[in-house]
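Examining the three-dimensional arrangement
Below are the chains, spelled out letter by letter.
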Amino acid sequence: MQIDLVNETSFEVNINKLENILKNLTEQEIELLVLNNSQIQEINHEFRQINKPTDVLSFPYESMPG
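Residues numbered from 1 in each chain as written. Predicted model: local features only at pLDDT ≥ 70, side-chain atom pairs only at ≥ 80, totals over all residues. Heavy atoms only, no water.

**Some details on the overall build of the protein**
To be explicit about the condition: Comment: elements are numbered from the N terminus, with helices defined as DSSP H or I runs of at least four residues and strands as E runs of at least two. Contacts between residues were defined by any pair of non-hydrogen atoms, one from each residue, lying within 4.5 Å. Note on areas: Shrake-Rupley with a 1.4 Å probe; residue coverage comes only from the protein chains shown.
For the protein, the count of helices and strands is two helices and two strands. When the helices and strands of the protein are read in sequence order from the N terminus, they spell out β-α-β-α. Overall size of the protein, expressed as C-alpha extent along the three principal axes, is 35 × 30 × 15 Å. A fraction of 41% describes how many contacts in the protein between residues 6 or more apart in sequence connect residues 24 or more apart. With an accessible surface of roughly 5,600 Å², the protein has 46% of that area assigned to carbon and sulfur atoms.

**Looking at the packing of aromatic side chains**
Under the convention used in this document: Under the pairing criterion, centres of Phe, Tyr and Trp rings, with the six-membered ring standing for Trp, must be within 6.5 Å; the plane angle then separates stacked pairs below 30 degrees from edge-to-face pairs above 60, leaving the rest tilted. Categorising residues by exposure relies on relative accessible area from a 1.4 Å probe, with only protein chains included: less than 20% of the type maximum marks a residue as buried, more than 50% marks it as exposed, and the intermediate range marks it as partly exposed.
Scanning the entire structure with this criterion turns up one aromatic pair. When the ring of Phe47 is compared with that of Phe59, the centres are 5.4 Å apart and the planes differ by 70°; the resulting orientation is edge-to-face. Separated by twelve residues along the polypeptide, Phe47 in helix H2 (residues 37-48) and Phe59 in the segment after H2 bring together distant segments of the chain. Judged by its relative accessible area of 31%, Phe59 falls in the partly exposed class.

As C-alpha cells, then:
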C-alpha cells in the first residue's frame, strides 16, 4: 500500500498517520490531492458540471482523470 500525496496548500498532512489508517482499510495505492477551493472547484466543474467547491472528490482507479 502506498500513498502518493500532492499537497498544493499550506495545510500540514501527516503521511505516517494516513498510512497507518489506510493499511487497515485497503491494499490499493491511493493518490491524495490536497487542493485549495479554486482548484477543487475547477475539477468539480470539469468532471461533475458543478461550478462550486466541494470537500471531497473521489474517482475509482479505472476512471481516474489524467
